[in-house]
Amino acid sequence: MWCKKCNRETNSVVCELCGTPTEQDAPVLVYWCEDCKIPIIKPSDRIDKNICPLCGKETKYMCADLRPVFPEERLLVEILLAQPFAYADKTVWASNNRYYIDGKVKAMTSNAYKKYTCNYITEELNANKDKNNYEVFNQTIDRFILANRERLNYLFDEATDFIRNTAKDYPEENIVISFSGGKDSTVTADLTVRALSNPSIVHIFGDTTLEFPTTMEYAKRFRENNPKAIFKTAKNKEQDFYSMCEEIGPPARMLRWCCSMFKTGPITRVLNSLYRDKDILSFYGIRKCESVSRSKYNRVEDNAEAVKIQKQKVASPIFLWQDIDIWLYILGEKIDFNDAYRLGYDRVGCWCCPNNNDRAQFLSSIYMPEQAKKWRDFLIGFAIKVGKPDPQVYVDTGKWKARQGGNGLSAAEDVKIRFTNCTAEDNAKIYSLNHPVDDIFLGMLTPFGKVSKELGRNLINETVVLDMKTMVPIISVQPFAQDGYEFSVKIKTMNVSKQDDLQRMIGYQVRKFNSCRKCLKCESLCKFGAISIINDEYRISENKCKRCKMCVTAKYLEGGCMMDKYLKTKE
């Protein structure tokens, strides 16, 4: 264990000196050898951290993390600086917006990406690409691998031991690799297959329909290069991204509805079709250093609040790796990878993700001009639609990424739970609905008990819900006519100690009925595979449902429906 505050090693989970929680491993830092012109990766507790393994000379601290700059990106940087091939004979690395040219820092501000038009940059790239080559880059990488061979061996041994120990309690057929086409999942897939000596492990590729073209090309190559792998593609074929953006607004940093709709939801469907009620182990390419939220994860996670897709334990072999570790492994083991990284992208997910930085957006305007223009035009149209005073500024400054709620959207009305208290009966509420009461609505009450039309009063078209243990009625449902509501239903609770809690959860189901946009979050949440959304119908299987009530509990599903988070407005 390591205390970052005291910069010391300890065996305790809490530092004995300062009381700060310790981390699993000593921080890994990057040093620079001026003679060899390469970065050296060393843990900060190594006594020889300032010594180059190749030449034996003293190194100097460089940065906390680093990535290689491939010749394609190097040429782009040179064009932006009006110096094509100025660095062709030098080693080039990068960390965030800082480039290291033979170890010397060259900062690239956001203004550098606005200096020239996209057309000019594209013309320059095309004019010079044939003269670009990998000679110096390959020589640099060879020295980099040789100098860091000890680190590479440690990474491989530690990760493969972790994989074998984590997988020992699972049959091979219940082990899955989550494959996104990015560098992290590429490394995770290679490590897992090698650790378990099983090239036939199931790989699930989430095609969000928003992938980089290079991602789709790489996924195709991966399948061809790994013919024994069971490769499944998870894709939402029922929804269209732009149509959903039109209806509920584009995704934002805090409103990434696209993740459940186009990624975790479709993956859940594939898992359900393959494994049904079996527990599975999924190996993910999650790393602690990627974000604040991921830094709070555990390396092995099966907590219902942390795992986006239930029924699985998630393990992350590369959880403690840095970017430079990933590249050391890929280049050192000569693994094929997504060509988007050669162009300068440091992360490869959805190309229009609101979490993408300015440089990623700039790269998309260069290498995906038609898609980038379509997306920008849509965002400007959305800004006009919701009444932004200067739509182009709103889009180009990235303010759209910070939007919250459904302001200006008619769909925002759907998430509001409208009801009146019944004046004739206690513990009864009359809810406003967008559609008449039907079997779908009644089925959404399945988490509370056994839904029975037969035991209801036929004269008033009543349906009752029975407690699963006692078979005593706890909910009465009756279609109702209420002034001001186009459609409505009267719901009365009975024979329970916490009437308000039950009514609140019923209100969540009313919200789902009114505002469901098939985001598939509920499917991902249900660990028993009881919830399915097919042909615009939200169905809960009475036989599969265990009445755990996770789908109607705010702890797991805020407001009972993800649309509440995405479309909520201030009253």
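In case you missed it, the structure is sitting above this.
None of the values given here were measured: they were computed from a predicted structure.

### Notes on the overall build of the protein
A count of helices and strands for the protein gives 18 helices and 23 strands. Reported as C-alpha extents along the three principal axes, the dimensions of the protein are approximately 90 × 55 × 55 Å. Counting across all 571 residues of the protein, residues that qualify as buried make up 52%. Taking the contacts inside the protein whose residues are at least 6 apart along the sequence as the reference set, 65% of them involve residues at least 24 apart. Of the roughly 27,100 Å² of accessible surface on the protein, 48% is carried by carbon and sulfur atoms. Measuring between centres, the 85 positive side-chain charges of the protein sit 2 Å from its 74 negative side-chain charges.

### A short note on the packing of aromatic side chains
If you walk through the whole model with that rule in mind, you get 30 aromatic pairs. Taking 6.5 Å as the distance between ring centres and 50° as the angle between the ring planes, the aromatic pair formed by tryptophan 257 and phenylalanine 262 counts as tilted. We classify phenylalanine 262 as buried; its relative accessible area is 1%. Arranged with centres 5.1 Å apart and planes meeting at 75°, the rings of phenylalanine 441 and phenylalanine 513 form a pair that is edge-to-face. Here the residue phenylalanine 441 occupies a position in helix α15 (residues 439-443), and phenylalanine 513 occupies one in helix α16 (residues 499-515), the gap between them amounting to 72 residues. Like phenylalanine 441, the residue phenylalanine 513 is buried in the burial classification.

### Here we look at the sheet that holds strand β16 (residues 419-421)
Read across the open sheet, the six strands follow the order β16-β17-β21-β20-β19-β18; overall the sheet is antiparallel. Where the open sheet ends on each side, the last strands, each with one partner, are β16 and β18 (450-452). Shown here is a sheet whose adjacent strand axes are inclined to one another by a mean of 20°, direction ignored. Across six bridges, the pairing between strand β17 (residues 428-433) and strand β21 (residues 487-493) is antiparallel. Of the residues in β21, the one forming a bridge with alanine 428 is lysine 492. Sitting on the sheet, α16 touches β17, β20 (473-480) and β21, and the angle it makes with β17 is about 10°.

### Some details on helix α6 (residues 213-225)
Taking 1.5 Å of rise per residue, the 13 residues of α6 would be expected to cover 18 Å, and the 18 Å separating its terminal C-alpha atoms lies within 8% of that figure. Against the buried residues of α6 lie β10 (175-179), α5 (183-196), β11 (202-206), β12 (230-234) and α11 (340-343).

### Comments concerning the nonpolar core
If you look at the biggest cluster of nonpolar residues, it comprises 151 residues, and the most contacted ones within it are Phe241, Trp257, Trp375 and Phe441. Broken down by element, the residue count for this core peaks at seven residues, all from helix α10 (residues 323-332). Of all hydrophobic cores here, the second largest spans nine residues; its members include Val176, Ile267, Leu271 and Tyr275.

### Here's the deal with the sheet that holds strand β3 (residues 28-33)
Taken in spatial order, the three strands line up as β4-β3-β5 in an open sheet, and their pairing is antiparallel. Sheet topology places β4 (38-43) and β5 (60-63) at the edges, where each strand pairs with a single neighbour. Between one strand axis and the next, the sheet turns by 45° as a mean value, whatever way the strands run. Two elements, β3 and β5, share three bridges in a ladder whose sense is antiparallel. Each bridged residue has a counterpart across the sheet, and for tryptophan 32 the counterpart in β5 is lysine 60.

### Focus: the pattern of salt bridges
Taken as a whole and judged by the stated rule, the model has 41 salt bridges. For the salt bridge of aspartate 325 with arginine 151, the shortest nitrogen-to-oxygen distance reads 2.9 Å. With aspartate 325 in helix α10 and arginine 151 in helix α4 (residues 149-167), the pair connects residues that are 174 residues apart, well separated along the chain. Given the relative accessible area of 10%, arginine 151 is considered buried. Among the salt bridges present, the one from lysine 373 reaches aspartate 377, with a minimum N-O distance of 2.8 Å. In this pair, lysine 373 and aspartate 377 both sit in helix α13 (residues 369-385), four residues apart, roughly one turn of the helix. A relative accessible area of 38% places aspartate 377 in the partly exposed class.

### Notes on the side chain of arginine 67
Tracing the backbone shows arginine 67 in strand β6 (residues 67-68). One polar contact links arginine 67 to glutamate 73, side chain to side chain, over a distance of 2.9 Å. Ignoring anything within four residues of it in the chain, the contact list for arginine 67 reads Glu73, Trp93, Ala94, Tyr99, Trp327, Gly344, Asp346 and Arg359.

### Description of the environment of leucine 125
Looking at where leucine 125 falls in the secondary structure, it is placed in helix α2 (residues 118-128). For the pair leucine 125 and leucine 75, spaced 50 residues apart in sequence, the C-alpha separation works out to 7.4 Å.

What counts as what
The numbering scheme is per chain: residues are counted from 1 as the chain's sequence reads. It should be noted that, the model being predicted, local features are given only for residues of pLDDT at least 70 and side-chain atom pairs only at 80 or more, the latter also being counted only at that level, while totals for whole chains, interfaces and linings use all residues. Only hydrogens and water are removed before side-chain values are computed, so all heavy atoms of the structure are retained for them. A run of H or I in DSSP counts as a helix once it spans at least four residues, and a run of E counts as a strand once it spans at least two, with each numbered from the N terminus. Burial status follows relative accessibility: with a 1.4 Å probe on protein chains alone, a residue under 20% of its type maximum counts as buried, one over 50% as exposed, and anything between as partly exposed. Contacts are assigned to residue pairs that have any heavy atoms within 4.5 Å of one another. The protein chains shown are the only cover counted for residues, whose accessible areas, like all others here, come from Shrake-Rupley with a 1.4 Å probe. All tallies of charge rest on Lys and Arg as positive and Asp and Glu as negative; His and the ends of each chain are not included. One atom stands in for each charge, and that atom is NZ of Lys, CZ of Arg, CG of Asp or CD of Glu. Think of it this way: a Phe, Tyr or Trp ring, Trp meaning its six-membered ring, pairs with another when their centres are within 6.5 Å, and the plane angle makes it stacked under 30 degrees, edge-to-face over 60, tilted otherwise. When DSSP finds two or more bridges between a pair of strands, those strands are recorded as paired. Here, axes are lines fitted to C-alpha atoms. For helices the fit covers the stretch in contact, and angles between N-to-C directions go from 0 to 180 degrees. Multiplying one less than the number of residues by 1.5 Å gives the expected span of a helix. What we call a nonpolar core is a set of buried Ala, Val, Leu, Ile, Met, Phe, Trp, Tyr and Cys residues that are connected through their side-chain atoms within 4.5 Å. By definition, a salt bridge exists where a carboxyl oxygen of Asp or Glu is found within 4 Å of a side-chain nitrogen of Lys or Arg. Contacts described as polar in this section are N or O atom pairs within 3.5 Å, which, within protein, must combine one atom able to donate a hydrogen with one able to accept it, while residues neighboring in sequence count only if both atoms come from side chains.

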